[in-house]
Amino acid sequence: MIPRDYQRAAVDAAHAQTTEHGNTMLVLPTGAGKTAIAGFYIGETVERQRDARVLVLQHTDELIEQNQASIANITGLGTSIVKAARNDWDSPVTFGSVQTLARGNRRADMPSLSHLVIDECHRAAAASYQSIIDHAREINPDVKLLGLSATPGRGDGRSLRKTFSNVGFHLKIGTLIARGLLVPPRTFTIDLGVGDELAGLTSTAGDFDMRAADKVLNRSVLNETVVEHWTEKAADRRSIFFCATVEHAKAVAAAFRAEGITAETITGEMPGRTRADLIARFDRGDVQVLTNCMVLTEGFDSQPVGCIGILRPMLHKGTFIQAIGRGLRRVDPARYPGIVKTDCIVLDFAG
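Small disclaimer: the values here were computed from a predicted structure and weren't measured.

About the criteria used
- In this numbering scheme, every chain counts its residues from 1 along its sequence in written order.
- At least 70 in pLDDT is required for a residue's local features to be given in this predicted model, at least 80 for side-chain atom pairs to be given and counted, and no such filter applies to totals for whole chains, interfaces and linings, which use all residues.
- Hydrogens and waters are ignored; side-chain quantities use all the structure's heavy atoms.
- Working definition: helices are DSSP H or I runs of at least four residues, strands are E runs of at least two. Numbering for both runs from the N terminus.
- Every radius of gyration here is taken over C-alpha atoms, with the globule rule written as 2.2 Å times N^0.38, N being the number of residues.
- Working definition: with a 1.4 Å probe on protein chains only, accessible area under 20% of the residue-type maximum means buried, over 50% means exposed, and in between means partly exposed.
- Here, two residues are considered to be in contact whenever any of their heavy atoms come within 4.5 Å of each other.
- Areas reported here follow the Shrake-Rupley algorithm with a probe of radius 1.4 Å; residue values treat only the protein chains shown as occluding.
- Note on terminology: pairs of cysteine sulfur atoms within 2.5 Å are recorded as disulfides.
- When DSSP finds two or more bridges between a pair of strands, those strands are recorded as paired.
- Throughout, an axis means a line fitted to C-alpha atoms (over the contacting stretch in the case of helices), and angles, computed between N-to-C directions, take values from 0 to 180 degrees.
- Stacked, tilted and edge-to-face are the three classes assigned to paired rings of Phe, Tyr and Trp, where Trp is represented by its six-membered ring and a pair needs centres within 6.5 Å; plane angles under 30 degrees give stacked, over 60 edge-to-face, the rest tilted.
- Put simply, a charge is over a ring when the Lys NZ or the Arg CZ is close to the ring centre, within 6 Å, and near the line of the ring normal, within 35 degrees.

Student: Explain the overall build of the protein chain here, please?
Tutor: In terms of helices and strands, the protein chain carries twelve helices and 16 strands. Here the C-alpha radius of gyration of the protein chain, 21 Å, is about what a compact globule of 351 residues would show, namely 20 Å. Relative to its full complement of 351 residues, the protein chain shows a buried share of 53%. Counting contacts in the protein chain only where the partners sit at least 6 residues apart, residues at least 24 apart contribute 75% of the total. When the accessible area of the protein chain is evaluated, it comes to approximately 15400 Å², of which 48% is carbon and sulfur surface.

Shown next, in the form of structure tokens:
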């Protein structure tokens, strides 16, 4: 696998900055191939430093599985996993769960790491991440940190500077759209007649009060109107809707099903295998509409997505970009024969 020019530049920056500063952050939009960049960096690192030990840190099972498969394919290196009942540190590259390694007893077997790679590194200010980073630095003060994110700005305003002193590479989403590597969004702002109520929402814990948003948006007549607008503008497209609450997401899916459209709700409480099966059915086209409450903003890749529905107010630009990014990937014709995708329709019902 040969890196694209900007991927090559990002990998080179990662090597240079981690050598000079001991850390760096790479900022690239969804669809730019951050996992591939991490794979090239890790492969070259192990080739240069034969005793290298790399931990790749991520916060969901889906990301662990995706990252392990992609990076193992790129590097050809042996890999292992530390999460839940699994505790395998025997390979040069280990994929670890933040939730697992945040527990002190699960860090007891951590070897001296030469490199720590953090996926979705805008999360790294959290105490769970910091406990793992601090432990890695206690064992090896010279451990190199590489972070990757599409949206480094945190909603709670907490700084990442404690972990990352510099941004080694930054690529804007518009650059990839202009180069034809992502499809452009085509946005419709749709007035549901509740703008004044949404404007009165208060924020709590760094975001709008989603329970209050649910009371405004989760009404049968509005959910039916959402389906009508989708039918008019995007009925032939695989679609994802971001809703205010799980209850809202379920109600929206029910409104689609009432019109004979295959629709399901994916939640964070689903067992991992059930969630993976639902995503696979959506990717195959067995399900046309997926509704969720912020489960699919990160670590989700389904190229045929051609419509994004925004059914919850979003206080932060980064959250909005993450959601829209789920629909901007181009379609690989070899993987999805017969699917043509030239843009992504965005239906913004929440202003």
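Student: Any chance you could explain the state of the cysteines here in plain terms?
Tutor: A covalent bond between the sulfur atoms of two cysteines is referred to as a disulfide. With the rule as written, the count across this model stands at zero disulfides. As a non-bridged cysteine, Cys-293 has Cys-243 as the owner of its nearest cysteine sulfur, 7.6 Å distant. Residue Cys-293 is classed as partly exposed on the basis of its relative accessible area of 24%. This cysteine, Cys-344, is not joined by any disulfide, and Cys-307 carries the nearest cysteine sulfur, 6.5 Å off. What makes Cys-344 buried here is its relative accessible area of 0%.

Student: Would you explain the sheet that holds strand β3 (residues 79-83) in this entry?
Tutor: To summarise the sheet geometry, strands pair through backbone hydrogen bonds and adopt either a parallel or an antiparallel arrangement. Reading across from one edge, β4-β3-β5-β2-β6-β7-β1-β8 is the order of the eight strands in this open sheet, with mixed pairing throughout. In the strand order of this sheet, the two ends are held by β4 (86-87) and β8 (167-170), each with one partner. Against the sheet, helix α1 (residues 5-21) makes contact with β1 (23-27), β7 (144-149) and β8, and its axis sits at roughly 160° relative to β1, the strand it touches most. In the packing of helix α3 (residues 61-75) onto the sheet, contacts are made with β2 (54-58), β3, β5 (93-97) and β6 (115-119), and the angle to β3 comes to roughly 170°.

Student: What is the right way to read the environment of Ile-279 from this model?
Tutor: By the secondary structure assignment, Ile-279 is in helix α11 (residues 272-284). Taking the relative accessible area as the measure of exposure, Ile-279 reaches 18% and is therefore buried. Sequence spacing of Ile-279 and Leu-290 is eleven residues, and the spatial spacing of their C-alpha atoms is 8.6 Å. Apart from residues lying up to four places away in sequence, Ile-279 is in contact with Ile-266 and Phe-300.

Student: Can you help me understand unusual backbone geometry in this one?
Tutor: Most peptide bonds take the trans form, and the phi angle of most residues other than glycine is negative. In this model, Glu-120 sits at a positive phi of 50°, which is unusual for a non-glycine residue. Structurally, Glu-120 can be placed in the loop between β6 and α5 (127-139). With relative accessibility at 7%, the residue Glu-120 sits in the buried group. A positive phi angle, near 65°, is found at Met-294, a position not held by glycine. Relative to the helices and strands, Met-294 is located in the loop between β14 (289-292) and β15 (305-311).

Student: What is the right way to look at the packing of aromatic side chains in this model?
Tutor: What characterises a pair of aromatic rings is the spacing of the ring centres plus the angle enclosed by the ring planes. Using the criterion set out here, one finds three aromatic pairs in the structure. Both rings, one in Trp-230 and one in Phe-256, keep their centres 5.2 Å apart while their planes meet at 85°; by these two values the pair is edge-to-face. In this pair, Trp-230 sits in helix α9 (residues 220-234) while Phe-256 sits in helix α10 (residues 246-258), placing the two residues 26 residues apart along the sequence. Residues Trp-230 and Phe-256 agree in their burial class; the two are buried. Seen in terms of ring centroids, Phe-282 and Phe-300 are 6.3 Å apart; in terms of plane orientation they differ by 40°. Their pairing is tilted. With Phe-282 in helix α11 and Phe-300 in the loop between β14 and β15, the pair connects residues that are 18 residues apart, well separated along the chain. One exposure class covers both Phe-282 and Phe-300, and it is buried. Pairwise contacts between aromatic rings join Trp-230, Phe-241 and Phe-256 into one cluster. Here the basic side chain of Lys-233 rests over the ring of Phe-188, its NZ or CZ set 5.6 Å away from the ring centre.

Treat this as a map of the structure, not an account of what it does.
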